[in-house]
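Next come the chains, spelled out residue by residue.
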Amino acid sequence: MPKVKFRIAGSDDLVVDGAVGSSIMQVAVGADVPGIIGECGGDLSCATCHVYVEDQSPFKRRTEDEEDLLELADNVCDNSRLSCQLALTDAVDLVEVEVPAG
């Protein structure tokens, strides 16, 4: 079972079990991770699940739609992703993401 480690500014890291096939946003919302709202429920129509991911190799590349939505988020950088677009697989034991402050 893959695990997701959420680094949250001003708080302890949170490690949560995730199911293969679920998105990091679904894992975060299910665990009440502060800073990840997932307002659209993963329909790629908001940016309320913005995270930073250093190792993006296990995930598909950002689509043009994801890049367009990231323009709505604050503090976007090269490793910014929408966590609703990051599906967990059994090929990854642990994924680390940082929740942007604010």
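For the structure, see preceding data.
Just so it is clear, the structure is predicted and the values come from calculations on it, not from any experiment.

Visitor: Even after reading the chapter, I still don't get the overall build of the protein, so can you show me in this structure?
Guide: Looking only at helices and strands, one finds two helices and five strands in the protein. Sequence-ordered secondary structure for the protein, helices as α and strands as β, is β-β-α-β-α-β-β. Expected size for 102 residues packed as a compact globule is a radius of gyration near 13 Å; at 12 Å, the protein falls within 12% of this value. A total of 102 residues make up the protein; the buried ones form 40% of that total. Taking as baseline every contact in the protein between residues at least 6 positions apart, the subset at least 24 positions apart corresponds to 57%. Working note: accessible area of the protein is about 5,800 Å², and carbon and sulfur atoms make up 44% of it.

Visitor: Help me understand a negative patch on the surface, please; the structure alone is not making it clear to me.
Guide: Among the surface-exposed residues, Glu64, Asp65, Asp68 and Glu71 lie close enough to one another that they form a single negatively charged patch. Mapped onto the fold, Asp65 is located in helix α2 (residues 64-70). Assessed through its relative accessible area of 49%, Asp65 is described here as partly exposed.

Visitor: Honestly, the pairing of strand β5 (residues 94-99) in this entry has me stumped. Any pointers?
Guide: Two faces belong to every sheet, and in a regular strand the side chains alternate between them. Only one face of β5 is buried: it carries Val95, Val97 and Val99, and the other face, with Leu94, Glu96 and Glu98, is open. As defined by bridge partners, strand β1 (residues 3-8) adjoins β5 across six bridges and the pair is classed as parallel. Paired with Phe6 across the strands is Val97, a residue of β5.

Visitor: Please clarify how the pairing of strand β2 (residues 14-17) should be interpreted in this entry.
Guide: Pairing of β1 with β2, which is carried by four bridges, proceeds in the antiparallel orientation. Each bridged residue has a counterpart across the sheet, and for Lys3 the counterpart in β2 is Asp17. Between the antiparallel neighbours β1 and β2 lie five residues, among them Gly10 with a positive phi of about 75 degrees.

Visitor: Honestly, the layout of surface pockets in this entry has me stumped. Any pointers?
Guide: The method is simple in principle: a probe with the dimensions of a water molecule rolls over the atoms, and the space it marks as empty is what remains. Looking at the largest pocket, its volume works out to about 240 Å³. Taken together, 14 residues line the largest pocket, and the ones lying closest to its centre are Gly35, Ala47, His50, Pro100 and Gly102. Partitioned by chemical class, the residues of the lining of the largest pocket number eight nonpolar, five polar and one charged.

Visitor: I tried to follow the side chain of His50 on my own but got confused; where do I start?
Guide: Along the chain, the position of His50 falls in strand β3 (residues 50-52). Separated by 2.8 Å, the side chains of His50 and Ser80 make a polar contact. Setting aside residues up to four positions removed in sequence, His50 forms contacts with Leu70, Ala73, Asp74, Asn75, Val76, Ser80, Arg81, Leu82 and Pro100.

About the thresholds
- Residues numbered from 1 in each chain as written.
- Predicted model: local features only at pLDDT ≥ 70, side-chain atom pairs only at ≥ 80, totals over all residues.
- Heavy atoms only, no water.
- Helix = DSSP H or I, 4+ residues; strand = E, 2+ residues; numbered from the N terminus.
- Rg over C-alpha atoms; globule rule 2.2 N^0.38 Å.
- Buried < 20%, exposed > 50% of the residue type's maximum accessible area, 1.4 Å probe, protein only.
- Contact = heavy atoms within 4.5 Å.
- Areas by Shrake-Rupley, 256 points an atom, 1.4 Å probe, with all protein chains shown as cover.
- Patch = residues over 30% accessible without salt bridge, like charges linked within 9 Å, V, L, I, M, F, W, Y side chains within 5 Å.
- Salt bridge = Lys/Arg side-chain N within 4 Å of Asp/Glu carboxyl O.
- Lys, Arg positive; Asp, Glu negative; His and termini not counted.
- Charge placed at Lys NZ, Arg CZ, Asp CG, Glu CD.
- Pairing = 2+ DSSP bridges.
- 1 Å grid on protein atoms, 1.4 Å probe; cavity = no way out; pocket = protein on both sides within 12 Å on 5 of 7 lines; lining within 4 Å.
- Points joined across faces, edges and corners; volume = space filled by probe spheres on them.
- Nonpolar A, V, L, I, M, F, W, Y, C, P; charged D, E, K, R; others polar.
- Polar contact = N/O pair within 3.5 Å; in protein donor to acceptor, adjacent residues only side chain to side chain.

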